[in-house]
Amino acid sequence: MSSDSAEITLATLRALKRTGGKFTCLTAYDASFTRILDAAGVDVLLVGDSLGMVIQGQDTTLPVTLDDMIYHTRCVARARRRALIMSDMPFMSAATPVQALTNAARLMQEGGAHLVKIEGGRVMADAVRLLSEHGLPVCAHLGLLPQSVRKLGGYQVQGREQRAAAELLEDAKILEQAGADVLLLECVPAALAARITVATELPVIGIGAGADCDGQVLVLYDMLGVTSGRRPRFSKDFLAGRASVQAAVEEYVRAVKAGEFPGAEHAYS
Ligand code: KIV
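Analysis parameters
- Each residue is numbered by its place in its chain's sequence as written, counting from 1.
- A pLDDT threshold of at least 70 governs which residues receive local features in this predicted model, and a stricter bar of 80 or more applies before side-chain atom pairs are shown or counted, although totals over entire chains, interfaces and linings include all residues.
- The side-chain values count all of the structure's non-hydrogen atoms but skip hydrogen atoms and water molecules.
- Starting at the N terminus, helices and strands are each numbered in turn, a helix being any DSSP run of H or I of at least four residues and a strand any DSSP run of E of at least two.
- Based on C-alpha atoms, the radius of gyration is set beside the globule rule, defined as 2.2 Å times the residue count to the power 0.38.
- The cut-offs for exposure are 20% and 50% of the maximum accessible area for each residue type, with area from a 1.4 Å probe on protein chains only; residues under the lower value are buried, those over the upper are exposed, and the others partly exposed.
- Contacts were defined at the residue level, with two residues in contact if any of their heavy atoms lie within 4.5 Å.
- Residues scored as positive are Lys and Arg, those scored as negative are Asp and Glu, and His as well as the terminal groups of each chain are ignored.
- Every charge is mapped onto a representative atom, which is NZ of Lys, CZ of Arg, CG of Asp or CD of Glu.
- Every axis in this analysis is a line fitted to C-alpha atoms, fitted for helices over the stretch in contact. Angles between the N-to-C directions lie between 0 and 180 degrees.
- Note: crossing handedness is left-handed where the near helix turns anticlockwise from the far helix by less than a right angle, and right-handed where it turns clockwise.
- Lys, Arg, Asp and Glu make up the charged group, whereas Ala, Val, Leu, Ile, Met, Phe, Trp, Tyr, Cys and Pro make up the nonpolar group; the residues left over, Gly among them, are polar.
- Nitrogen and oxygen atoms within 3.5 Å of one another constitute a polar contact, given that in protein one can donate a hydrogen and the other can accept it, and given that sequence-neighbouring residues count only through two side-chain atoms.
- For the purposes of this analysis, a disulfide is any pair of cysteine sulfur atoms at a distance within 2.5 Å.
- Residues are classed as near a molecule or strand on a simple rule: at least one heavy atom within 4 Å of it.
- Using a 1.4 Å probe, accessible areas were evaluated by the Shrake-Rupley method; residue-level cover was limited to the displayed protein chains.
- We call two directions roughly parallel when the angle between them is under 35 degrees, roughly antiparallel when it is over 145, roughly perpendicular when it lies between 65 and 115, and oblique otherwise.

S.K.: Let's hear about the overall build of the protein: which residues, and what values?
M.R.: On a plain count of helices and strands, the protein comes out with 11 helices and eight strands. Taking 18 Å as the expected radius of gyration for a compact globule of 269 residues, we find that the protein reaches 17 Å, a close match to that expectation. When the backbone C-alpha atoms are referred to their principal axes, the protein occupies close to 45 × 40 × 40 Å. Of all 269 residues assigned to the protein, the portion counted as buried reaches 57%. Long-range pairs, those at least 24 residues apart, make up 63% of the contacts in the protein between residues at least 6 apart in sequence. In the protein, which carries 27 positive and 30 negative side-chain charges, the distance between the mean positions of the two groups comes to 2 Å.

What follows is the structure, given as structure tokens:
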């Protein structure tokens with residue numbers, strides 16, 4: 001469905017959700033990889049603030065600035081032909097609704113993002129509402145929030161306890177009501193992600209959230225096996241045994257669309 005040359009829009013993702021088709025997302029930070037990902041049929045390119053870690057060599061995503069995000073989004077936008085470009089609102093760039101609107105507008109106007117991603121639950125509802133009212137599309141990122149790692153004390157699976165799971169489900173509904181266009185669930189039990197995916201009309205992208213989300217995302221460097229240190233459980237080295245980055249990305253696209261990735265071994269309970 002999405003491997004043809006038609007441009008991907010939010011309408012494409014909504015249609016895939018309605019028909020039960022899966023879509024693919026990978027992080028992209030520069031023009032060269034963008035060309036490969038776009039040609040391989042990746043539907044959504046996430047200019048993630050993970051660039052702070054995989055490109056800049058920072059310990060967390062917290063030092064990434066809005067100017068960094070605009071710069072990398074522009075690099076991706078120059079090379080992209082077909083995929084939808086989603087850019088992260090970096091740490092504290094959406095601390096108030098007005099700040100969120102101003103900074104999201106810069107990511108779209110100066111960077112060329114098609115939608116922005118904001119980390120946070122119901123606390124971000126006013127910001128999401130303001131962006132939505134002004135016609136700026138938003139992905140609400142729930143579950144593990146890497147920008148809150150200092151408060152969380154580490155990168156742990158979220159929503160395992162009954163109360164936390166109920167809160168996450170409620171957050172998803174509140175953000176949908178506020179006007180979010182897409183949800184992203186990071187590191188939540190597969191059964192909870194499946195419940196949220198059924199409970200919302202929004203396309204849901206998962207990372208470490210099991211196979212039942214509408215779409216999947218991975219950090220590009222993790223799935224190419226070039227991340228230093230231990231690869232997260234939810235990721236897989238798609239380059240292992242393949243001759244090129246293009247072949248690795250094509251296999252990722254195929255495996256997600258066929259429902260073969262992620263497997264049970266990549267999910268949390
Ligand atoms: O910044 C990023 O790459 C992300 C993904 C982990 C979803 O937000």
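This is not the end of the story, as more comes after the structure.
S.K.: Quick rundown of helix α6 (residues 125-133)? Include the residues and the values.
M.R.: Turning to α6, its buried residues are Ala-125, Ala-127, Val-128, Leu-130 and Leu-131. Count one or two residues on from α6 and you reach Gly-135, which has phi positive near 85 degrees.

S.K.: Account for the packing of helix α4 (residues 66-79) against helix α5 (residues 97-111), naming residues and giving values.
M.R.: The interhelical angle for the contact between α4 and α5, taken along N-to-C directions, is 35 degrees, at an axis separation of 8 Å. In this structure, α4 meets α5 at a crossing whose hand is right-handed. Taking contact as the criterion, the partners of Leu-66, Asp-67, Met-69, Ile-70, Thr-73, Arg-74 and Ala-77 in α4 are, on α5, Asn-103, Arg-106, Leu-107, Glu-110 and Gly-111. A class-by-class count of the residues in the contact of α4 with α5 yields five nonpolar, three polar and four charged.

S.K.: Which residues make up the environment of Glu-251, and what values do they have?
M.R.: Assignment of secondary structure puts Glu-251 in helix α11 (residues 245-257). A relative accessible area of 17% means that Glu-251 is categorised as buried. Considering only alpha carbons, one finds Glu-251 and Phe-261, 10 residues apart in sequence, at a separation of 10.0 Å. In this structure, Glu-251 is in contact with Phe-238 and Arg-242, ignoring residues within four places of it in sequence. Among the polar contacts listed, one links the side chain of Glu-251 to the side chain of Arg-254, at a separation of 2.9 Å.

S.K.: Give a description of the environment of Glu-7 that names residues and reports values.
M.R.: In this fold, Glu-7 is placed in the segment before α1 (10-19). Along the backbone, Glu-7 and Asp-43 are 36 residues apart, and their C-alpha atoms lie at a distance of 8.8 Å. Beyond its immediate chain neighbours, meaning those up to four positions away, Glu-7 contacts Thr-12, Arg-80, Arg-81 and Arg-82. In this structure the side chain of Glu-7 is engaged in a polar contact, spanning 2.5 Å, whose partner is the side chain of Arg-80.

S.K.: Run through the side chain of Thr-60, naming residues and quoting values.
M.R.: Residue placement: Thr-60 occurs in the loop between α3 (51-54) and α4. Exposure remark for Thr-60: the relative accessible area of 7% places this residue in the buried category. At 3.1 Å, the side chain of Thr-60 and the backbone nitrogen of Leu-62 are in polar contact. Residue contacts for Thr-60: discarding those within four places in its chain leaves Gly-52, Met-53, Val-149, Arg-150 and Tyr-155.

S.K.: Can you break down the state of the cysteines residue by residue, with the values?
M.R.: Enumeration over the complete set of coordinates arrives at zero disulfides. Here Cys-139 stays free of any disulfide, with the sulfur of Cys-25 as its closest cysteine sulfur at 8.4 Å.

S.K.: Explain the site of the ligand residue by residue, including any values.
M.R.: Near the ligand you find Thr-27, Leu-46, Gly-48, Asp-49, Ser-50, Asp-88, Lys-117, His-141, Leu-184, Glu-186, Ile-207 and Val-219, and these make up its full shell. Between the ligand and Asp-88 there is a distance of 3.0 Å, counted from an oxygen atom to a side-chain nitrogen or oxygen. Interatomic distance of 2.7 Å between a side-chain N/O atom of Lys-117 and an oxygen atom of the ligand. Notes on the ligand: free accessible area 260 Å², of which the protein chains cover 94%.

S.K.: Before we move on, can you summarise the packing of α5 against α6 with the specific residues and values?
M.R.: Direction vectors running N to C along α5 and α6 enclose 45 degrees, while the axes themselves pass 8 Å from each other. The angle between α5 and α6 falls in the class oblique. Our pair here, α5 against α6, has a crossing hand that is right-handed. Between α5 and α6, the contacting residues are Pro-97, Val-98, Ala-100, Leu-101 and Ala-104 on the first element and Asp-126, Ala-127, Leu-130 and Leu-131 on the second.

That is the geometry; function is a separate question.
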